[in-house]
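# Structure at a glance
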Amino acid sequence: MSTPIHRTSTRQSAAVLTSAQQRREGSRTGSTSARSTEHALLAMQSRAGNRATTAAVQRARDTARDPARDTERDRAVENGGPSAGAKKNYRDRIAALLDRFKKNLEPIDTFIKGFQTPTNAAFTQQAAVSANEGLKHSAAASGTSAASGNLLTEAAGTVVSGMDAYKNMKDAKKHETGANHHTAKKKARTKGADAVVGAANSGSYSAAFAKEVTKVQKAADAAVASEASGIASASIGAIKGMRSAFRVGGAARKYKEVKNLGDPHVVHAGSLARLNESREQAGWAAAEAYVALDAYWAHDGPERLELVSEAIDAAWEAMGEARDAAESLHRAEKDVEMLGTVQGYAKKKQLTKMGKETVSGGGESTKAAAGIVTAVAAGTAGLASNPVGWGLAGAGAGLVLGVTMYKALRAATKRYEEVHHPERWAPKGETPEEAASRKESLKHALKFWKKVSKGERQAMAREIYALAAGPDISGSGSTTAEMRESARSLLIALKSGPAKHKLEPEAWVETLNDPAKTGDWIQEIAEQLASG
């Protein structure tokens, strides 16, 4: 029995032989297209995509075993739960392997979507116009490679999203209320939608793969396959475009709610004025106490020592009140500044999300239009390519590629800062880790499969929680009631209020004042800052 590798090799050999035969036919007719730049570029694209995919599979296979997870499994066995521990460990290892595999494929997928597919469309258009069968065959072979790479990446992502959705669904049921419940429920809903869209997209790539294969084999039903692929591409593009539109709407609503909270400097101008007045009164009281103390020192009566002692106590108490009033004012002013900063950050995140989703959705909608044009062209004129479809496909791919590259660059920059400037976003009162060298930081920045865990968003989440938390939380005891109420209003605007957590307002406030739930709250706020 031949292995899958042998079968793949056979298919590749058949494609090579077919291509070679086509080149010989072109040579006999005196055509020079077989040795053209277009053929070389298409062949290079196909080979590069195949080699990159193979390398990604090997990297994922090499990281399949995780010593930390093996240790966890051994510990579970020692604790008397071998079956449950092994089952959970096995599922987690599969999920981690697939996730790593998908992330290794994503750069290849980006190259295919942004460069190889639009280039194939251009060469297909050129081949149709010039009736160049050799170029048409080479473009179809390159398209087969591109569609297979897209399909592999999308299928892996679909499985990972499905497993994540299932895991978070179980977590949401386990945590019936609170921040953990809301975080898990939101992730389950998002990952579930990702899995559905991924499954539909896998079907679209399967149709694209079938279309290119029929072109390579010059099958009689190539026009039907091309029409089906165009319809599938248009459908999935429309779905993705609609999803982006919903995300833009969600981000816009969240932005509006945060903006409606108002400028903290204006909202808390009255409370700051009252605190300043209290500070001034306490200062005058302290000054009067010292004047009285000087008067008693000058008194010559027998009760002089008793009066001086009382005046000293009064002056000491007045100074303490003046100091406390000044500290309260200073803390309130700092809290107002911080509240303004976190509100500005929350609005910026929503605006950024709106921009990215608008561009991405526009790209998907353009690709959907290209699919419609392709389907119409295939149904009315056989396999004749349409320059409008090629232009739309290229424009859509360019928009999506732009968003993808922007996200990748931003993530790489954050990973670099995370290790090169660890003191920038380190938690207050915590000694930051030693800064990595520039070389090590650049290496860390290129680890595209790793998420940023100590960045600006996490720091802002800690600041919001510190303002909204109760007096039992370290560092939050001196926050004024007005400031705490404003910070909790911000949480509600970020969709982290009592209703979202399935809690009554009193119980919700208690969770904010529970030190054991600090980590859960910070994670919840960080998630809500990033989502619409």
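Residues numbered from 1 in each chain as written. Predicted model: local features only at pLDDT ≥ 70, side-chain atom pairs only at ≥ 80, totals over all residues. Heavy atoms only, no water.

### Some words on the overall build of the chain
To keep things clear, this is the line we draw: In DSSP terms, a helix is any run of H or I states spanning at least four residues, a strand is any run of E spanning at least two, and both are numbered starting from the N terminus. Whether a residue is buried, partly exposed or exposed follows from its accessible area with a 1.4 Å probe, protein chains only, as a fraction of its type maximum: under 20%, in between, or over 50%, in that order. Using a 1.4 Å probe, the Shrake-Rupley method yields the accessible areas, and only the shown protein chains count as cover for residues.
In terms of helices and strands, the chain carries 16 helices and 0 strands. By the burial criterion, 37% of the 532 residues in the chain qualify as buried. Per element, the accessible surface of the chain, about 28,900 Å² overall, is 59% carbon and sulfur.

### With respect to the nonpolar core
Inclusion rule: Put simply, a nonpolar core is a bunch of buried Ala, Val, Leu, Ile, Met, Phe, Trp, Tyr and Cys residues held in one set by side-chain atoms that sit within 4.5 Å of each other. The contact criterion used is simple: two residues touch if any of their non-hydrogen atoms lie within 4.5 Å.
One finds Ile464, Leu491, Trp521, Ile525 and Leu529 to be the most contacted residues of the largest nonpolar core, which totals 31 residues. Taken together, the elements giving at least two residues each to this core come down to α10 (304-381), α13 (456-468), α14 (481-493), α15 (505-512) and α16 (518-530). Here the element with the most residues in this core is α10; it accounts for 7 residues. What Trp521 contacts, discounting residues up to four positions off in sequence, is Ala179, Tyr465, Leu491, Ser496, His501, Trp508, Thr511 and Leu512. Listed in part, the 7 residues of the second largest apolar core include Ala282, Ala289, Ala315 and Ala322.

### Regarding unusual backbone geometry
Peptide bonds are trans in most cases, and residues, glycine excluded, mostly fall at negative phi. A positive phi is found at Lys495, a non-glycine position, where the angle reads about 65°. You can see Lys495 is positioned in the loop between α14 and α15. Residue Lys495 is classed as partly exposed on the basis of its relative accessible area, which comes to 22%.

### Digging into a positive patch on the surface
Counted only if it meets this: Only residues whose relative accessible area exceeds 30% and that take part in no salt bridge are eligible for patches, with like-charged residues grouped when within 9 Å of each other and nonpolar side chains (Val, Leu, Ile, Met, Phe, Trp, Tyr) grouped when within 5 Å. For this document, the term salt bridge refers to a Lys or Arg side-chain nitrogen within 4 Å of an Asp or Glu carboxyl oxygen. His is not counted, nor are the chain ends, whereas Lys and Arg count as positive and Asp and Glu as negative. For charged residues, the charge sits on one atom: NZ in Lys, CZ in Arg, CG in Asp, CD in Glu.
A surface patch of like charges, here positive, comprises Lys185, Arg189, Lys500 and Lys502. With respect to the helices, strands and loops of the structure, Lys500 is situated in the loop between α14 and α15.

### Let's talk about the packing of α13 against α16
Under the convention used in this document: In this description, a line fitted to the C-alpha atoms serves as the axis of each element, helices being fitted only across the stretch in contact, and the angle between N-to-C directions of two axes falls anywhere from 0 to 180 degrees. In what follows, roughly perpendicular refers to angles from 65 to 115 degrees, roughly parallel to angles under 35, roughly antiparallel to angles over 145, and oblique to any angle outside these ranges. Here a crossing is called left-handed whenever its near helix is offset anticlockwise from the far helix by less than a right angle, and right-handed whenever the offset is clockwise.
Between α13 and α16, whose axes approach to 8 Å, the crossing angle comes to 120°. By the angle class used here, α13 and α16 are oblique. The two elements α13 and α16 cross, and the hand of that crossing is right-handed. Within the contact between the two elements, α13 uses Arg457, Gln458, Met460, Ala461, Arg462, Ile464 and Tyr465 and α16 uses Thr518, Trp521, Ile522, Ile525, Ala526, Glu527, Leu529 and Ala530.

### Description of the pattern of salt bridges
Using the criterion set out here, one finds 11 salt bridges in the structure. Close ionic contact of Arg331 with Asp335 constitutes a salt bridge, the shortest N to O distance being 3.1 Å. Of this pair, Arg331 and Asp335 both sit in helix α10, 4 residues apart, which is roughly one turn of that helix. Taking the shortest distance from any N to any O, the salt bridge between Lys517 and Asp514 comes out at 3.2 Å. Counted as one network, the salt bridges with shared partners bring together Asp194, Arg243, Arg247 and Glu357.

### Quick word on the environment of Phe111
Following the sequence through the fold, Phe111 ends up in helix α4 (residues 82-130). Residue classification places Phe111 among the partly exposed positions, given a relative accessible area of 32%. Note: C-alpha distance between Phe111 and Ala146 (35 residues apart in sequence) is 9.4 Å.

### Observations concerning the confidence of the model for the chain
Going by this rule: Each residue carries a pLDDT score, the predictor's confidence in it, ranging from 0 to 100.
Confidence in the prediction for the chain averages 78 pLDDT; 76% of positions are at 70 or higher. Considering only residues more than four positions removed or in separate chains, one finds that residues 1-35, a stretch of pLDDT under 50, has 15 contacts. Confidence over residues 63-85 falls short of pLDDT 50; this stretch has 16 contacts with residues more than four positions distant or in other chains.

### Some details on the packing of aromatic side chains
Rule in force here: Pairing of aromatic rings covers Phe, Tyr and the six-membered ring of Trp, with a centre-to-centre limit of 6.5 Å; geometry is then stacked below 30 degrees between planes, edge-to-face above 60, and tilted otherwise.
Counted according to the given criterion, the structure contains 1 aromatic pair. Between Trp508 and Trp521, the ring centres sit 6.1 Å apart and the planes meet at 70°, which makes this aromatic pair edge-to-face. Here Trp521 lies in helix α16 and Trp508 lies in helix α15, a separation of 13 residues in the sequence.

### Focus: the side chain of Ser441
Stated precisely, the cut-off is as follows: Under the rule applied, a polar contact is a pair of N or O atoms within 3.5 Å (in protein, one hydrogen donor and one hydrogen acceptor; residues adjacent in sequence only if both atoms are side-chain atoms).
Its place among the elements puts Ser441 in helix α12 (residues 438-445). At a separation of 3.3 Å, a polar atom in the side chain of Ser441 contacts the side chain of His420. Contacts of Ser441, omitting those with residues within four sequence positions, involve Tyr416, Val419, His420 and Ala436.

### Topic: the packing of α14 against α15
Short version of the rule: Charged means Asp, Glu, Lys or Arg here, nonpolar means Ala, Val, Leu, Ile, Met, Phe, Trp, Tyr, Cys or Pro, and polar covers whatever is left, Gly included.
Where α14 contacts α15, the two axes come as close as 13 Å, and the packing angle between them is 105°. Taken as axis vectors, α14 and α15 run roughly perpendicular relative to one another. Where α14 approaches α15, its residues Arg488, Leu491 and Ile492 are matched on the opposing element by Trp508, Val509 and Leu512. In terms of residue class, the contact of α14 with α15 is made up of 5 nonpolar, no polar and 1 charged.

### Quick notes on the environment of Lys349
Tracing the sequence through the fold places Lys349 in helix α10. Residues Lys349 and Arg457, spaced 108 residues apart in sequence, show a C-alpha to C-alpha distance of 9.3 Å. The residues touching Lys349, leaving out its near neighbours within four places in the chain, are Lys414, Arg457, Leu529 and Ala530.

### Some points on the environment of Ala252
Tracing the backbone through its elements, the reader meets Ala252 in helix α7 (residues 222-259). The exposure class assigned to Ala252 is partly exposed, which follows from its relative accessible area of 28%. Taking the C-alpha atoms as reference points, Ala252 and Lys347, 95 residues apart in sequence, are found 9.4 Å from one another.

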